[in-house]
Amino acid sequence: MTSRRTLLRAAALGAPAAVLFARAAAAGAALADGDHVPALVVGSGYGGSVAALRLTQAGVATAVVEMGMAWNTAGPDGAIFCDMLDPDQRSYWLRTTTDQPVGYFLGIGANKSITRYTGVLDSEKFAGIRVYQGRGVGGGSLVNGGMAVVPKRDYLAEILPSVDVAAMYATYFPRANAALGVNAIDTAWFETADCYRYARVSRDQAQASGYTTTFLNNVYDFGYMAKEQAGTVPRSALASEVIYGNNHGKRSLDKTYLAAAAATGRLTITAQHVVTAVAPNSLGGFSVTMNQIDTAGATVAVKTVRADRVFFAAGSVGTSKLLVAMRAQGRLPDLPDAVGQGWGNNGNVMVARAQHLWNTTGALESGMPAMGIDNWADAAGPVFAEIAPFPAGTELWISLYLAITKNPNRARFLYDSSTGTVGLSWQTAQNQPAVTAAKRVFDTINKAQATVYRSDLFGANKVWGDDFTYHPLGGCVLNVATDNYGRLPGYPGLYVMDGSLIPGSTGVNPFVTITALAERNIERIIATDLT
Ligand code: FAE
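The structure presented is a predicted model; accordingly, all values stated were derived computationally and were not measured. (Residues numbered from 1 in each chain as written. Predicted model: local features only at pLDDT ≥ 70, side-chain atom pairs only at ≥ 80, totals over all residues. Heavy atoms only, no water.)

Visitor: It is not clear to me how the nonpolar core should be interpreted in this structure. Could you clarify?
Guide: One finds L40 and V310 to be the most contacted residues of the largest nonpolar core, which totals 93 residues. Excluding residues that lie within four positions of it along the chain, L40 makes contacts with L31, A63, V65, V288, M290, V305, A307, R309, V310 and F311. Counting residues in hydrophobic clusters, the runner-up holds 63 residues, among them Y198, A237, A385 and I387. (Core = buried A, V, L, I, M, F, W, Y, C linked by side-chain atoms within 4.5 Å. Buried < 20%, exposed > 50% of the residue type's maximum accessible area, 1.4 Å probe, protein only. Contact = heavy atoms within 4.5 Å.)

Shown next, in the form of structure tokens:
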């Protein structure tokens, strides 16, 4: 440890970082109390992984700190992740019962007891909304549906008016898609595959009701999925694996951006460490304090390291909470008022329709959505709805959707000095515009198809899944709370890299937008701040 500490200090003082950190990374060592690093990234989701790769490629030794686990070791059952049909402790972040997004069946609660553990999916509860987030090295990429959707050009210009949209489409979206390993489905295979029967049924009914549908790209390897369907490889997307992780097929960030960053030899990843404080260090740079936790969430050590630069990439909620707390506690008192504001849920609302008995959706459903209903151009209520799987392993005649709408409501994060925690002002009623917009589309489809809503999946007699989101965005909005490249005003060396930069809405599933924006920002930061 002594020699490694010396190496870290030497690196910070300008020694050839490539050589030094190649050894540190090879040792697989976590950060130690008192270390000094040139760059520290808080969180290993999309924003953090982009920062890690581009900084390390630019020769900067980079330490990523992630509160979740590394998810690279199989459990006693031989699998890293559990599936959705039989969730165990690996499923949820520090809960004693599961908290499934679709939490009911026939109006009866469908959750089960689990052992409290640092599982891969967090359902973080605020007063008016549950926010689902990935926890682990790779962040949301470990648990998400992999849909890689580029936003509409006009809408991106509307939500991020300070961004050169032409450059985003010419340079940064292609760069992001390439590094993420995005692939397109073989549309001929889609038409015949059993596992996409559910999507074809929903598509045909949407089209017959006057709506446009579109194929969605994904980071799940569709070639691997075809082999799953053919029965020649172990199943993952076809074995009800999605929101608690995929054991195969998924190009999550640990296999793409972070693997490439590690290959530079300049990356260290310190997992199971929760960053709790960031403040200026009297010697220069910033002191970053973190709790090392065990798998029950208990703190086993507290460490403080010094970082010349800190990149906040803890996600919309994580970054916003941390910065709001640092401002309120007087550790970063000069952060602007806009930090903590402009949060939205990307207009998320879920809904399900009951199919006629003759319209089977299939017992085998791919967990990776591949098709969406695109009614965004409808000015009276833009909706982009993914045709979502319900991978129960048996025929249920259910068509499920995650609708993304243009809900204009926003909320802010607030520090509670009595508890030392940060809350979110969002009220469930603020999601009514999302319900209203989605209802227009699905009422029309139901009427045309003579079908009805399922009212038993989100509660007893509850049609709309309107009290949770998969897409937290905003809280530290670009060019409002930060400068036009994510720099935090008043604190040279502090940057925001993640979904908190996007003002509450992207109109599509957000990770490609987050990744491309991070690519744009880090390119500028490396060129102007680090040379
Ligand atoms: P994120 O990926 O959440 O990464 C933040 C990381 O920071 C996490 O690993 C945290 O554990 C870590 N962290 C937080 N606080 C701390 C702290 N204090 N100290 C240390 N580490 C910390 O942020 N999006 C799509 O585009 N397509 C999809 O198909 C899709 N499906 C989804 C399905 C589910 C079930 C969920 C939950 C999300 C889905 N999303 C999807 C959303 C997408 O995963 C999300 O927008 C991105 O992951 C957000 O990226 P960030 O870099 O902002």
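Having seen the model, we can carry on.
Visitor: What's the story with the sheet that holds strand β6 (residues 130–134) in this structure? I'm lost.
Guide: In a beta sheet, neighbouring strands pair by backbone hydrogen bonds and run either parallel or antiparallel. Taken in spatial order, the three strands of this open sheet run β5-β6-β20, and their pairing is mixed. Sheet topology places β5 (121–125) and β20 (468–469) at the edges, where each strand pairs with a single neighbour. In the sheet, β5 pairs with β6 via five bridges, with the strands oriented antiparallel. Counted as the bridge partner of S123 is Y132 from β6. (Pairing = 2+ DSSP bridges. Helix = DSSP H or I, 4+ residues; strand = E, 2+ residues; numbered from the N terminus.)

Visitor: Where do I start with the sheet that holds strand β15 (residues 383–388) in this structure?
Guide: In space, the six strands of this open sheet follow the order β7-β14-β15-β16-β13-β19, with antiparallel pairing throughout. Looking at strand neighbours, the two that pair on one side only are β7 (213–215) and β19 (452–453), the edges of this open sheet. Of the pairings in the sheet, the one linking strand β14 (residues 371–375) to β15 comprises four bridges and is antiparallel in character. Bridge pairing in β15 places I373 opposite A385. Docked against the sheet, helix α7 (residues 197–208) engages β7, β13 (349–354), β14, β15 and β16 (398–405), running at close to 145° with respect to β15. Strand contacts of helix α11 (residues 432–449): β13, β14, β15, β16 and β19, with the helix running at about 15° to β13, the strand carrying the most contacts. (Axes fitted to C-alpha atoms, helices over the stretch in contact; angles between N-to-C directions.)

Visitor: Sorry if this is basic, but what is going on with the packing of helix α3 (residues 46–57) against helix α12 (residues 511–529) here?
Guide: Each pair of packed helices can be summarised by the angle the axes make with each other and by the distance between the axes. The interhelical angle for the contact between α3 and α12, taken along N-to-C directions, is 35°, at an axis separation of 9 Å. Considering the relative orientation of α3 and α12, their crossing is right-handed. Facing Y46, G47, V50, A51, R54 and L55 of α3, the residues of α12 in contact are F511, I514, T515, A518, E519, I522 and I526. Here the contact of α3 with α12 is built from residues that sort into nine nonpolar, two polar and two charged. (Left-handed = near helix turned anticlockwise from the far one by under 90°. Nonpolar A, V, L, I, M, F, W, Y, C, P; charged D, E, K, R; others polar.)

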